[in-house]
Amino acid sequence: MTVEEDLFAGLDEIRWGRMRHAYGSAAEVPGLLRDLIDSDPAVRESALDGMYGAVHHQGDVYPCTIAAIPFLLRIAERPELPGRPGVVELLASMGSAEDPTELSGPYRKANEAVAAAYPLWERLLADADPRVREGALEVLPACTRRRPEALARLAGRLADETDEHVRRAIVRTAGTLARCEEGVDPALRDWLAGIVAAEPDLQLRLVALAELASLPGAPDEPPVAEVDDALEMLAAVYGSGTAVTAPAGFETGTLIGAVRRLREQDDEGRRAPGAAALVRDLSASFGDRVDDRVRLLAGLLRSRDWERHLDALTAAGNLVDDWRGDYRELIGLVGERIGDGHPRTRPRAVGVLEHLGELTAPAADALAAALESTTRRASHTEADAHLPWVIEWSHGLPTVSPALRALSGTGDPRALPMLAWALDREPMPNDPGSCVIRFGPRAVPLMPLLLRRLRDLPADDPHDHRRDSVARALAAIGPAATEALPDLLGGPVTPAVLVALAAIDPDAGECLPVLRQAAAAADHRLAVPAARALWQVTGSADAALAVADRCLDDDSTYAWREAADLLAELGQATKSQSARLRRLARRKDPHGWLVLSAAHALWRITGDPAPALPVLERVWTANVHTRPRVAALWAELGPVAADSVPLLTAELGRARRHNAREDGYSTAQVTEDETLLGHCRAALTAVGGYVR
């Protein structure tokens, strides 16, 4: 029997075609498994990408994932086979996969299958291939029942290990295993502290420092990591340099290949590429010690070394995105990195600022100066070097550059001439209208361009949303955009156009036929904003009440929410509508949005806060994303919402942003959280609480 026959015995007897993965039939899995040990590294990388992309898509586990694990384990235990490091890392991911529904099933089976092979992982800690040893360390946290045993072995393993990368992985794994347990063994703290104090390898000392700092401890314990000490060690690492990984020397059209190539590009020209992970992990290990994290990163940004700037900028972006704090000094330093014009650090600095809104203000001068002195347009391949106003792509429409978007987000008037130029471009970029919204009535000087674009942009392409973005910009300008009414009425009626008509507050009766026709539409996306506009224009709620009825008669929770929000804005409802709102407010709603809308409407209609108050407290706890709206409603309710004070005070005392997640990111994450903080302060003032 050949090696392959032995490895894959029974593989073709499994009915893979009857199983599914993320993209359909799992019939391809046998081929992927065989290709994982192909002699060609490009074939192996493509197969590994297929396993991650379909069989273990975004951490999901399917029956075909479970069926593949025995064959992956056979590959892992054969020292003569190529591709083993990637296979071991794949098994680590499968064994540690988190069930998003918490219903166990295949996730539990995957963990059990990987954890049951614990003797193999112990053996692989001494494998001849250091990358396999490193991968085996990643598996240990999945071996839930063997964690204490694994943790006890690591100190001895460190003494025998000669590879610097594996030594650091041992310390990182020890920290991970310790954080998985209920209490931290003092001996582990002492071991890590000993490494920090005496280890000759500075990088290992910094890894141990990060792990030590991230261990849970008593609130009154002094910090285990001092910023000045960390900066001194980091300076030595940057000065001496770190190992550089040679490029793989092949290309694949895969996500794994693209990520690898980006990593290789990041390492190009660097003296200390290994320092990036040290800075990132050390900053993250300080957790809610935001002031210390700012000091650490500010120290790096003040140096004269572009590599330190580069690594600090990445960590600064993570810090500001996920944690609250006073970032004026840090943002100012990020702005200086834009001003110095370094081709590697400047685009990364812009990336930190792009979606921060008003928090970007300390860097506004640097952004404006850079934009005013650069080329106005550049291809996407040249954009990082030139910091243009508009980026042109090989396919699709141009876009406003991240730098101009960041400056616009601050509301700085120096962005207006640049946005005017973008609006005047042919073809017009995809998104200058959305940047104009930030300026509201101050964008009146752009009216001639907005009107021209309203007339000449295509109105019949469902994939081209530029005309709607112009309509939203006009809505933000408000009554000063009255001259746009004929053009708004002369084109297709869309939700954005209807919102604009309402915001401009027209007196002309010529709008009424359009609004009445849209309010009668079966599509709620048209009917609701049209009914709202009719009410705002005429003062009559008849059309809006009729549209709310139709939405309540629908069978979708989205339509019910639209009805409740419309009735809340009206502040009135029919007797039957009020009864239905009361039923909706009592529904089981795991995400809270529907009951929140219903409670809001009932308060606005009846003036009685009693039905709303318990709903607000419940959804505040159940879904953090409702908190900005809930806090705004508490502010509206005033003193009767006094019971909200502990929740509001606790929220303002949190260091982490309310919407920060370990497994995701939103471009609106920071601005939404800053909005929540403003609403919380306003609510505390309104209800008579103490505002910190």
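Everything quoted here is computed from the prediction, not taken from an experiment. (Residues numbered from 1 in each chain as written. Predicted model: local features only at pLDDT ≥ 70, side-chain atom pairs only at ≥ 80, totals over all residues. Heavy atoms only, no water.)

Looking now at the sheet that holds strand E4 (residues 390-392). In spatial order, the strands read E3-E4-E5; together these three strands make up an open sheet with mixed pairing. The sheet is open, and its two edges are formed by strand E3 (377-379) and strand E5 (399-400), each paired on a single side. Sheet analysis places E4 next to E5, joined by two bridges and oriented antiparallel. Bridging across to E5, isoleucine 391 finds its partner in threonine 399. (Pairing = 2+ DSSP bridges. Helix = DSSP H or I, 4+ residues; strand = E, 2+ residues; numbered from the N terminus.)

To continue, consider the nonpolar core. The biggest cluster of nonpolar side chains holds 202 residues, and the ones touching the most others in it are Leu33, Met51, Trp121, Leu297 and Leu488. With ten residues, helix H4 (residues 63-76) is the single largest residue contributor to this core. Leave out the neighbours within four places in its chain, and tryptophan 121 touches Leu73, Val88, Leu91, Val114, Ala136, Val139, Leu140 and Cys143. Listed in part, the 23 residues of the second largest apolar core include Leu637, Ala641, Leu648 and Leu677. (Core = buried A, V, L, I, M, F, W, Y, C linked by side-chain atoms within 4.5 Å. Buried < 20%, exposed > 50% of the residue type's maximum accessible area, 1.4 Å probe, protein only. Contact = heavy atoms within 4.5 Å.)

Between its first and last C-alpha, helix H12 (residues 202-214) extends 18 Å over 13 residues, near the 18 Å set by a 1.5 Å rise per residue. Counting buried residues along H12, ten of its 13 residues qualify, which places the element largely inside the surrounding structure. Looking only at H12, the buried set comprises Gln203, Leu204, Leu206, Val207, Ala208, Leu209, Ala210, Glu211, Leu212 and Ala213. Where H12 is buried, its residues contact helix H9 (147-160), helix H10 (164-180), helix H11 (186-198), helix H13 (227-240) and helix H15 (275-285). The distance from a side-chain oxygen at the start of H12 to the backbone nitrogen of glutamine 203 is 3.0 Å, and the residue carrying that oxygen is aspartate 201. (Expected span 1.5 Å × (residues − 1). Polar contact = N/O pair within 3.5 Å; in protein donor to acceptor, adjacent residues only side chain to side chain.)

Where helix H32 (residues 557-570) contacts helix H34 (residues 593-606), the axes come no closer than 8 Å and their chain directions differ by 25°. In terms of orientation, H32 lies roughly parallel with respect to H34. Considering the relative orientation of H32 and H34, their crossing is left-handed. From H32, Thr557, Trp560, Arg561, Ala564, Asp565, Leu567, Ala568 and Glu569 reach across to H34, where they touch Trp593, Leu594, Ser597, Ala598, His600, Ala601, Arg604 and Ile605. Of the residues contributing to the contact of H32 with H34, the split by class is nine nonpolar, three polar and four charged. (Axes fitted to C-alpha atoms, helices over the stretch in contact; angles between N-to-C directions. Parallel < 35°, antiparallel > 145°, perpendicular 65-115°, else oblique. Left-handed = near helix turned anticlockwise from the far one by under 90°. Nonpolar A, V, L, I, M, F, W, Y, C, P; charged D, E, K, R; others polar.)

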